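Here is how the chains run, residue by residue.
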Amino acid sequence: MDKIYYQELVNKYMPKVPKIKKGLKAFLCGGLIGASSELLARLLQIIFKMSLNNSYLWVGIILVLGTAILTGLGIFDNLVKTYEAGLIIPTTGFSHSVISGSMDGHKEGVIIGIAPSMFKLCASVIVSGVAASFILSIIGWFIYA
Amino acid sequence: MLSKKVNNVYLHQNYGIAGKNENNHVLKDINFLKDFYGGEDSVETCEIKMNEIVLENLINDHTNLVIGGNLDNQLTGVSYALKNRNLAYLGIYNACATFTEGLIIGSKFCSKKDLIVLTSSHNLISERQFKYPIEYGSPNKDYATFTTTGSIGVILSNRPSNIRLECYTIGDVIDYEVYDASNMGAVMAPGAYHTIIKHLKDFKRDITYYDLILTGDLGKYGLMILKELLKKDNITTSNIIDAGSLLYPLDDDKAGGSGPVCLPLILFKKVLFNKKYQRILLVGTGALHSKVLVDQHLPIPTIAHAVAIEVIE
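Everything numeric here is computed off the predicted structure, so don't read it as measured data.

Conventions used here
- Residues numbered from 1 in each chain as written.
- Chains lettered and ligands numbered in written order.
- Predicted model: local features only at pLDDT ≥ 70, side-chain atom pairs only at ≥ 80, totals over all residues.
- Heavy atoms only, no water.
- Domains from an automatic or database assignment.
- Contact = heavy atoms within 4.5 Å.
- Salt bridge = Lys/Arg side-chain N within 4 Å of Asp/Glu carboxyl O.
- 1 Å grid on protein atoms, 1.4 Å probe; cavity = no way out; pocket = protein on both sides within 12 Å on 5 of 7 lines; lining within 4 Å.
- Points joined across faces, edges and corners; volume = space filled by probe spheres on them.
- Helix = DSSP H or I, 4+ residues; strand = E, 2+ residues; numbered from the N terminus.
- Disulfide = S-S within 2.5 Å.
- Buried < 20%, exposed > 50% of the residue type's maximum accessible area, 1.4 Å probe, protein only.

Describing the domain arrangement of chain B
All names here are of chain B.
Here's step 1: The assigned domain composition of chain B is domain 1 (2–157) and domain 2 (164–311).
Here's step 2: Taking the mean C-alpha position of each, domain 1 and domain 2 sit 18 Å from one another.
Here's step 3: If you look at the interface, domain 1 gives 50 residues, while domain 2 gives 51 residues.
Here's step 4: Counting across the interface, domain 1 meets domain 2 through one salt bridge.

The following block contains the structure:
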């Protein structure tokens with residue numbers, strides 16, 4: 001059978017994805033995380049008298065730690081199934097991928113199990129980050145030298 | 001493709017065990033695990049334990065051969081359960097068509113002693129092998145199927161019983177250029193279509209010869225695609241049921257179950273309790289891909305085997 005004809009047949013029966021509803025859920029969730037992080041930073045500046053940079057650093061630490069604990073307890077993956085991109089795009093997504101990866105290798109020990117599995121999913125993020133900063137610093141050297 | 005009639009092969013006792021998600025009043029006369037680990041440390045040892053429980057309930061003094069396969073790499077789930085049991089073993093793999101392949105090969109080795117055909121699968125092992133880590137909340141597409149957790153075995157022998165293996169058709173590898181590994185229904189429907197057409201032609205039968213055609217794990221959407229493909233050959237029938245699509249009736253986010261245990265679990269623990277089906281055609285469908293080749297952007301081939309059984313009163 002013709003490849004394109006079969007693909008049309010398949011598409012006829014595939015369920016429709018409610019993109020607007022899902023997009024709205026993700027938008028509200030991601031926005032909520034952003035807004036509450038800003039609120040938390042202001043609270044830290046007021047209560048603990050931190051500087052601006054320190055308060056943002058602490059908010060980052062709290063987000064990553066909270067996601068790690070919820071992933072370890074097995075709650076976070078159920079939340080991601082509902083809110084999808086709203087929880088994957090912020091820093092919470094990075095922490096979730098590292099911790100869930102590390103939980104996969106617990107039976108094989110630290111060196112060949114847990115440590116390699118930790119970066120299974122975010123390896124390409126780290127490589128592209130390092131590569132991008134290398135290229136940009138070369139460009140920056142030419143511009144500012 | 002190869003079609004042959006079978007003489008003197010009968011199905012006897014079967015035993016099955018399923019996981020937590022399958023405990024929803026669809027299957028009868030079966031035990032369920034309480035969670036994904038069954039008291040073991042890792043999911044791999046849990047699958048081995050499920051196979052050991054099935055074997056302990058099926059092995060007797062007359063057993064001389066076990067033919068089995070499962071979904072994980074190197075078939076360790078079945079082989080490790082057979083250690084130190086003094087039983088000859090043949091491991092087989094055809095992804096989710098493994099059970100029908102086991103019945104076909106078993107019919108060749110069948111004797112007056114007992115032969116066990118065994119298959120198992122575990123949801124978290126498949127998730128980890130083909131998709132993402134276990135705790136990673138990757139959202140699944142609505143047309144994706146959910147690997148069933150369970151293990152089931154059946155005894156084949158020359159001694160008469162009330163279920164007879166009548167004939168079979170061995171399928172060939174079909175490729176309709178589907179690249180999406182989440183869409184197993186679209187991958188496997190053409191394989192089932194080709195095998196059913198060839199089977200009916202080789203044995204000169206009409207589709208109404210069978211009271212029921214039971215496909216393995218096409219899922220809700222794969223079954224619709226199969227019916228549309230059969231309609232092009234002017235074959236319309238209402239007696240095709242997909243075993244995978246019956247397993248999770250309450251879950252809207254799953255197109256159905258998948259894995260080699262779907263077909264035998266629904267056959268032995270649901271369909272055969274209904275006395276109105278006497279001539280049943282089992283069509284096991286399997287997608288023969290690996291994660292590496294899907295990542296290299298190769299299309300996914302499929303295979304389907306058809307086995308006809310007859311329930312004698």
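A look at empty space enclosed by the protein
Residues and elements named next belong to chain B.
Here's step 1: On inspection of all chains with the given rule, the structure shows one cavity of 30 Å³ or more.
Here's step 2: The volume enclosed by the largest cavity comes to roughly 30 Å³.
Here's step 3: Every residue lining the largest cavity is listed: Tyr-143, Thr-145, Asn-183, Gly-185, Ala-186, Leu-218, Gly-219, Lys-220, Tyr-221, Gly-222 and Ala-255.
Here's step 4: Breaking the lining of the largest cavity down by element, the ones donating at least two residues are α5 (184–202) and α6 (219–231).
Here's step 5: For the lining of the largest cavity, the element with the most residues is α6, which contributes four residues.

A few points about the state of the cysteines
Chemically, a disulfide is nothing more than a covalent bond linking the sulfur atoms of two cysteines.
All names here are of chain B.
Here's step 1: Inspection of the entire model under this criterion finds zero disulfides over all chains.
Here's step 2: Here Cys-96 stays unpaired: no disulfide links it, and the sulfur of Cys-262, its closest cysteine neighbor, is 7.4 Å away.
Here's step 3: A relative accessible area of 12% places Cys-96 in the buried class.

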